[in-house]
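Overview (structure and organization)
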Amino acid sequence: MLFSWRGGPGARRLLLLLLVFSAWEAGSGQVHYLVPEEAKHGTFVGRIAQDLGLELAELVPRLFRVASKGRGDLLEVNLQNGILFVNSRIDREELCGWNLECSIHLEVIVERPLQVFHVEVEVKDINDNPPVFPESKKRIIIAETRPPETRFPLDGASDADIGVNSALTYRIHPNDYFALDAQNNREQTSSLTLVLKKSLDREEIQEHSLLLTANDGGNPQLTGTVQLLITVLDVNDNAPEFDQSIYKVRVLENPFNGTLVIKLNATDPDDGINGDIIYSFRRPVSPEVLNAFIINPNSGEIRTKGKLDFEERKLYEISVEAIDKGNIPMAGHCTILVEILDINDNVPEVSITSLSLPVREDAQVGTVIALISVSDRDSGANGQVTCSLTPRVHFKLVSTFKNYYSLVLDSALDRESVANYAVVVTARDGGSPSLSATASVSVEVADVNDNAPAFSQPEYTVFVKENNPPGCHIFTVSARDADAQENALVSYSLVERRVGERALSSYVSVHAESGKVYALQPLDHEELELLQFQPRQPNPDWRYSASLRAGMHSSVHLEEAGILRAGPGGPDQQWPTVSSATPEPEAGEVSPPVGAGVNSNSWTFKYGPGNPKQSGPGELPDKFIIPGSPAIISIRQEPTNSQIDKSDFITFGKKEETKKKKKKKKGNKTQEKKEKGNSTTDNSDQ
């Protein structure tokens, strides 16, 4: 990729051929790219999809996306070809300031399944910033009595670039009186000094004008200049002197206002006012120094007056001058390097992104639920963060990269046991005392259809009066499902089978939603005494069902508490009451449901001398009709202690029908009386 910068009309200043490369860092699985700052929009950075092992066709379906914390949209990915390219202007100096290393960390996320990749894009510095002096003109006052080799400190230029692009060299316009001395010390601060080569004569030259030029080490080379205006005075011949030219001080961050940093002491051998010294910050003074420190002009004490934050600035360089009060003031100079020491004053920060919620209750162990990143602005042990998780049941944290974690499923879930978990992530630094921060994740468990519907009873017995109206509601079944929402919706259907020569569905039907069972046609006891059928939940995965029975009771006992109404010509009596199963074997015979006893869910009718509403002592009506039923019950009284079968006591007939003959077990045939009575037929739900 070819880049060019223009400094003036028609002047081509730079042609840079930069090979953008990508490579996997050994053993880390991290992609590393290189891109120059100020690259144009659309500049190719790397084939990120290919380098991450992703197919182009899966980028959109898997929701491929790139996140860069605090870096905006500097880089973008073309989802059609998987190429990472420059989206907007990248200024290395704006991103990283004076740091030698500058990179953009990208977090690449794809889903289905969720994967996270980390990509480092190193921003390469180019020589796009010229050296800049703090002033365009610098005024210096020098007494004519100053001897040769006297040194006068100058403010060097600054270059926002790094490396060789910020390596500055200085030169001064050739002259007979001054030379330039530029040195670099171990603290990486430059010392620029104007050296007097020979004595000045104010009467000969009152002012010297020199041009100071700074050149950086880039190619092509960029320059900056400042004009030095030197005024020669004829007074005070001794300047104040400090015992050191550079002082080094360490201060803990966040000190109280007014904390003493250093007390300076300069001396001047002159007498009187020529030896009185005033301390001040040497101009120009940076806003950072003015906001953080104050100097006492008389005592030379430097104290704090503003916030000192290690995370914002780690080193202050303060230039101080001591000026005497002579008619021709003279000055001495020194530099104080204030190093700020870190304390544990920043709480860790926890960020939770890419939540995969809710989590299905059948999710596999190891499923990624959320991505968590932690950070701490402190340094050293104060900035080292460890994470923990509470509660530890079902979940755990897995470290994926430095200060990056995944919240994953550690054991199987069951929504029917616990439907929601409040998971708390705690980040704690290594300071003393340590600081911590927490973040909560509400993990909702999504239901899956893992519970079958279940009826309240495995079997039901229902009695229905014959000749019921078509569409009569005869019973309601009920099933419940422990699952939620649509998985818990139960619908009902019949298990089709043949009843004689007809299909079951021609006799009864079940409402799919309510479970109400309806008789589709009038039922005839003489034709069909017992009708068995099974409602079921129609989902083919679950075949749980319960049996239902519909039929006429073939053996009836009369119970004392009931009121019977005799047939025509008979006395009024209480009808029999209905009870659920009787403990007496002779109470009645019912074809039992599968797996149930003879007496389960049967109706027992009893009638006897204990009934206070009977006609008279020892008197029993011989015919009864049941309201709402077409049946007539005929009762014969047998002598006491008769051994005749109980079924001989009661026979069933039908209103308006001719007499029917019933075969006895002994082979005797008995002509039953024709049932009398004009009771209306009324079928009711039982």
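Scroll up for the structure.
Below, the structure is looked at part by part. In this text the structure is predicted, and so the values were computed from the model without any measurement.

Here is what the cut-offs are and how they apply
Residues numbered from 1 in each chain as written. Predicted model: local features only at pLDDT ≥ 70, side-chain atom pairs only at ≥ 80, totals over all residues. Heavy atoms only, no water. Helix = DSSP H or I, 4+ residues; strand = E, 2+ residues; numbered from the N terminus. Buried < 20%, exposed > 50% of the residue type's maximum accessible area, 1.4 Å probe, protein only. Disulfide = S-S within 2.5 Å. Pairing = 2+ DSSP bridges. Core = buried A, V, L, I, M, F, W, Y, C linked by side-chain atoms within 4.5 Å. Contact = heavy atoms within 4.5 Å. Polar contact = N/O pair within 3.5 Å; in protein donor to acceptor, adjacent residues only side chain to side chain. Axes fitted to C-alpha atoms, helices over the stretch in contact; angles between N-to-C directions. Lys, Arg positive; Asp, Glu negative; His and termini not counted. Salt bridge = Lys/Arg side-chain N within 4 Å of Asp/Glu carboxyl O. Phe/Tyr/Trp six-rings, centres within 6.5 Å; stacked < 30°, edge-to-face > 60°. Lys NZ or Arg CZ within 6 Å of the ring centre and 35° of its normal.

1. Regarding the overall build of the protein chain
The helix and strand tally for the protein chain stands at 3 helices and 53 strands. Taken over 686 residues, the protein chain has a buried fraction of 43%.

2. Description of the state of the cysteines
Counted according to the given criterion, the structure contains 1 disulfide. Across the disulfide, Cys 96 is cross-linked to Cys 102 (sulfur-sulfur distance 2.0 Å). Because the sign of the S-S torsion sets the handedness, a value of about 70 degrees for the bond joining Cys 96 and Cys 102 places this disulfide among the right-handed ones. Assessed through its relative accessible area of 11%, Cys 96 is described here as buried. Note on Cys 102: relative accessible area 4%, which makes it buried.

3. A few points about the pairing of strand S30 (residues 385-390)
Of the two faces of S30, only the one carrying Val 385, Cys 387 and Leu 389 is buried; Thr 386, Ser 388 and Thr 390 on the other face are not. Relative to strand S33 (residues 420-429), S30 is paired through 6 bridges, and the arrangement is antiparallel. Opposite Cys 387, over in S33, you have Ala 427 as the bridge partner.

4. Quick look at the nonpolar core
One finds Ile 48, Leu 75, Leu 84, Val 119 and Val 121 to be the most contacted residues of the largest nonpolar core, which totals 28 residues. Elements with a minimum of two residues in this core: strand S4 (31-36), helix H1 (48-51), strand S7 (75-78), strand S8 (83-86), helix H2 (92-96), strand S9 (103-110) and strand S10 (115-124). Sequence-distant contacts of Val 119, defined by excluding residues within four places in its chain, comprise Gln 30, Val 31, Tyr 33, Ile 48, Leu 52, Ile 104, His 105, Leu 106 and Val 108. Phe 293, Ile 302, Leu 308 and Val 320 belong to the second-largest nonpolar core, a separate cluster that totals 26 residues.

5. Some details on the side chain of Asp 181
Mapped onto the elements, Asp 181 comes out in strand S14 (residues 178-184). By relative accessible area, which is 19% here, Asp 181 ends up buried. A distance of 2.4 Å separates the side chain of Asp 181 from the side chain of Arg 151, its partner in a polar contact. Residues contacting Asp 181, with those up to four places away along its chain left out, are Arg 151, Ser 191, Leu 192, Thr 193 and Val 195.

6. What to know about the sheet that holds S8
The 3 strands are arranged S5-S8-S7 in an open sheet whose pairing can be described as antiparallel. Single-partner strands in this sheet number two, and they are strand S5 (44-46) and S7. Within the sheet, the average angular offset between the axes of one strand and its neighbour, ignoring direction, is 40 degrees. Strand direction decides the pairing type here: S7 and S8, joined by 4 bridges, are antiparallel. Residue pairing in the sheet places Leu 75 in a bridge with Val 86 of S8.

7. Observations concerning the sheet that holds strand S43 (residues 516-519)
Read from one edge to the other, the open sheet built from 3 strands follows the order S37-S43-S42, with strand pairing classed as antiparallel. At either end of the open sheet lies a strand with only one pairing partner, and these are strand S37 (472-476) and strand S42 (508-510). The average undirected angle you get between the axes of adjacent strands in this sheet is 30 degrees. As paired strands, S37 and S43 are joined by 4 bridges and run antiparallel to one another. Paired with Phe 475 across the strands is Val 517, a residue of S43.

8. Some remarks on the environment of Val 77
You can see Val 77 is positioned in strand S7. Val 77 gets classed as buried once you look at its relative accessible area, which sits at 9%. Sequence spacing of Val 77 and Gly 46 is 31 residues, and the spatial spacing of their C-alpha atoms is 9.5 Å. Each residue touching Val 77, except ones within four places of it in the same chain, is listed here: Ile 48, Phe 64, Val 66, Gly 82, Ile 83, Leu 84 and Phe 85.

9. Considering the side chain of Asp 270
Secondary-structure assignment places Asp 270 in the loop between strand S21 (266-267) and strand S22 (277-281). Comment: no salt bridge for buried Asp 270; closest opposite-charge side chain is Arg 146, at 9.1 Å. Reaching out from Asp 270, the side chain makes a polar contact with the side chain of Asn 238 at a distance of 2.5 Å. For Asp 270, the residues in contact, after removing those within four places along its chain, are Asn 236, Asp 237, Asn 238, Gly 275 and Asp 324.

10. Quick look at the packing of aromatic side chains
Using the criterion set out here, one finds 7 aromatic pairs in the structure. Aromatic side chains Phe 242 and Tyr 279 sit 6.2 Å apart centroid to centroid with 55 degrees between the ring planes, which places their arrangement in the tilted category. Of this pair, Phe 242 sits in strand S18 (residues 241-242) while Tyr 279 sits in strand S22; the two residues are 37 residues apart in sequence, bridging distant segments of the chain. The two residues Phe 242 and Tyr 279 agree in class, both being buried. Between the NZ or CZ atom of Lys 198 and the centre of the ring of Tyr 177, over which it lies, the distance is 4.7 Å.

11. Here's the deal with the pattern of salt bridges
In the structure shown here, the tally under the stated rule is 16 salt bridges. For the salt bridge of Arg 89 with Asp 91, the shortest nitrogen-to-oxygen distance reads 3.1 Å. We classify Asp 91 as buried; its relative accessible area is 15%. Notably, a salt bridge pairs Glu 416 with Arg 415, separated by 3.1 Å at the nearest N-O pair. The structure contains a network of salt bridges with shared partners spanning Glu 38, Arg 89 and Asp 91.

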